[in-house]
Amino acid sequence: MKAALVGTDGTLLHEARRATGRKRGADAVVETILAFAADLRAHGEEHFGESAVAAGVAVPGIVDAEKGIAVYSANLGWRDVPMRALLGQRLGGIPVALGHDVRTGGLAEGRIGAGRGADRFLFMPLGTGIAGAIGIGRTIEAGAHGYAGEIGHIVVRPDGPDCGCGQRGCLETLASASAVSRAWAAASGDPEADAADCAKAVESGDPAAIAVWRDAVDALAAGLVTALTLLDPSTLIIGGGLAEAGETLFTPLRAAVEERVTFQKLPHIVPAALGDTAGCLGAGLLAWDLLSTEVSA
């Protein structure tokens, strides 16, 4: 878990990390979150001379932001956790905003990161899976049911690998960091090899690595063109583990997308700027938005 104290202008004032401890069960994870937030608030009082005036928390899985409920997380094992109410109680009644982790990271990238100044953008972290955050103006579109941006489950190869969602050939089964790790482990014969190793092998000219990488980039480009056709963003921000390969990823990806577009306008395809602090900063922005809304009301 990552937590931060964030200033009014999005400045990261203090950052801290703790183990989630998910093996201890969902209830223990929730308590760890509450205790972490309380300790962070105390740090602010001690070192900055004042208490936090609002809080934001970003969690994975299905989130009902309006009701403040963490509905479901397969990784953390919880269901219907009233996160906003619990945090509000622990933090002395200050306003609390709840957000989805990827959409919250996208909010930060759009406002103060790689998408700054872009009115329409798409943020895509390529990690264990692939998700997306659709930026419109200064907000992130959650969709009617909170599922908007699930680009990782666009089917790009109908005869492809089975996906946990029940479909076959989903983008994240072919182009996530996990997918590249699996493919390179099989191709190299090294079960410990991962996507970063594959990228290094590509840079050294290894033909097997180049083939694995090309397959992933091809699938990613196919998924992106579908997204571009539907959303028409001006900027496409790519983050996550796979983006750490830098131009080893971005140069062939830009070319592959350009080859596929017909009438669509090419967006700027750029790496994410905030790294793994994006979620903390985005949660802080959600908290400040709460206060702005209260003032305007």
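Remember, it's a predicted structure, so these values are computed and weren't measured experimentally. (Residues numbered from 1 in each chain as written. Predicted model: local features only at pLDDT ≥ 70, side-chain atom pairs only at ≥ 80, totals over all residues. Heavy atoms only, no water.)

Colleague: A description of the side chain of threonine 235 should follow, citing residues and the corresponding values.
Modeller: Tracing the sequence through the fold places threonine 235 in strand 11 (residues 235-239). Threonine 235 gets classed as buried once you look at its relative accessible area, which sits at 9%. Non-local contacts of threonine 235, meaning those with residues more than four positions away in its chain, are made with Ala114, Ala118, Arg120, Phe121, Leu122, Pro267, His268 and Val270. (Helix = DSSP H or I, 4+ residues; strand = E, 2+ residues; numbered from the N terminus. Buried < 20%, exposed > 50% of the residue type's maximum accessible area, 1.4 Å probe, protein only. Contact = heavy atoms within 4.5 Å.)

Colleague: For the sheet that holds strand 5 (residues 69-73), give the residues involved together with the corresponding values.
Modeller: One open sheet holds the three strands; their spatial order is 4-5-6, and the pairing between them is antiparallel. Edge positions in the sheet fall to strand 4 (62-64) and strand 6 (78-81), since each has one partner strand and no second. With strand direction ignored, the average angle separating the axes of adjacent strands in the sheet is 15°. When strand 4 meets strand 5, the two strands line up antiparallel, connected through three bridges. Looking across to strand 5, one finds that isoleucine 62 is bridged to tyrosine 72. (Pairing = 2+ DSSP bridges. Axes fitted to C-alpha atoms, helices over the stretch in contact; angles between N-to-C directions.)

Colleague: Could you give me a rundown of the pattern of salt bridges, with the residues and numbers involved?
Modeller: Going through the model one piece at a time under the given rule, you end up with 10 salt bridges. We note a salt bridge from aspartate 289 to arginine 111, for which the minimum N-O separation is 2.6 Å. You can see aspartate 289 sitting in helix 9 (residues 278-296) and its partner arginine 111 sitting in helix 3 (residues 101-112), a full 178 residues away along the chain. Assessed through its relative accessible area of 13%, arginine 111 is described here as buried. Its salt-bridge partner being aspartate 218, residue arginine 157 comes within 3.0 Å of it at the nearest N-O pair. (Salt bridge = Lys/Arg side-chain N within 4 Å of Asp/Glu carboxyl O.)

Colleague: Before we move on, could you go through the sheet that holds strand 9 (residues 133-136) and cite the residues and values that matter?
Modeller: What links the strands of a sheet is backbone hydrogen bonding, and the strands pair in either a parallel or an antiparallel sense. Pairing within the open sheet is mixed, and its five strands lie in the order 10-9-8-11-12. Strand pairing shows two members of the sheet lacking a second neighbour, strand 10 (139-141) and strand 12 (268-271), which therefore form its edges. Strand after strand, the sheet turns through a mean of 30° between neighbouring axes, direction not considered. Each of strand 8 (120-125), strand 9, strand 10 and strand 11 is contacted by helix 3, which is oriented at about 130° to strand 8, the strand it contacts most. Where helix 7 (residues 207-231) meets the sheet, its contacts fall on strand 8, strand 9 and strand 11, and the angle it forms with strand 8 comes to roughly 155°.

Colleague: Run through helix 3, naming residues and quoting values.
Modeller: Its 12 residues place the ends of helix 3 17 Å apart at the C-alpha level, agreeing with the 16 Å of an ideal helix rising 1.5 Å per residue. Most of helix 3 is tucked away: 10 of the 12 residues are buried. Taken residue by residue, helix 3 has Val102, Arg103, Thr104, Gly105, Gly106, Leu107, Ala108, Glu109, Gly110 and Arg111 as its buried positions. (Expected span 1.5 Å × (residues − 1).)

Colleague: Tell me about the state of the cysteines, residues and numbers included.
Modeller: Scanning all chains against the criterion turns up zero disulfides. Lacking any disulfide linkage, cysteine 170 is separated from the closest cysteine sulfur, that of cysteine 165, by 3.7 Å. On the accessibility criterion, cysteine 170 (0% relative accessible area) is buried. (Disulfide = S-S within 2.5 Å.)

Colleague: Let's hear about unusual backbone geometry: which residues, and what values?
Modeller: Unusually for a residue other than glycine, aspartate 80 sits at a positive phi of about 50°. In this structure, aspartate 80 sits in strand 6. One non-glycine residue, aspartate 232, lies in the positive phi region at around 50°. If you trace the backbone, aspartate 232 turns up in the loop between helix 7 and strand 11.

Colleague: Residues and numbers for helix 8 (residues 247-260), please.
Modeller: Across its 14 residues, helix 8 extends 19 Å between first and last C-alpha, which sits within 8% of the 20 Å expected from 1.5 Å per residue. Looking at helix 8, one finds that the buried residues are Thr248, Leu249, Phe250, Leu253, Ala256 and Val257. Within helix 8, the buried residues cover an arc of 165° as seen down the axis, which keeps them to one side. Residues of helix 8 that are exposed and point over 90 degrees away from its buried face: Glu258 and Glu259. (Arc of directions from axis to C-beta.)

Colleague: Which residues make up the packing of helix 6 (residues 195-203) against helix 7, and what are the values?
Modeller: For the pair helix 6 and helix 7, the least separation of the axes is 8 Å and the interaxial angle reads 120°. Judged on the interaxial angle alone, helix 7 and helix 6 are oblique. Of the two possible hands of crossing, helix 6 and helix 7 adopt the one that is left-handed. In this structure, helix 6 contributes Ala195, Cys198, Ala199, Ala201 and Val202 to the contact, and helix 7 contributes Ala209, Ile210, Val212 and Trp213. (Parallel < 35°, antiparallel > 145°, perpendicular 65-115°, else oblique. Left-handed = near helix turned anticlockwise from the far one by under 90°.)

Colleague: I'd like a rundown of the packing of helix 1 (residues 26-48) against helix 2 (residues 83-90), residues and numbers included.
Modeller: Where helix 1 contacts helix 2, the two axes come as close as 9 Å, and the packing angle between them is 40°. With respect to their mutual orientation, helix 1 and helix 2 come out oblique. For helix 1 against helix 2, the interelement crossing comes out right-handed. Across from Val30, Glu31, Ile33, Leu34, Ala35, Ala37 and Ala38 in helix 1, the residues of helix 2 making contact are Met83, Leu86, Leu87 and Arg90. Within the contact of helix 1 with helix 2, the residues separate by chemical class into nine nonpolar, no polar and two charged. (Nonpolar A, V, L, I, M, F, W, Y, C, P; charged D, E, K, R; others polar.)

In short, shape yes, function no, at least from these values alone.
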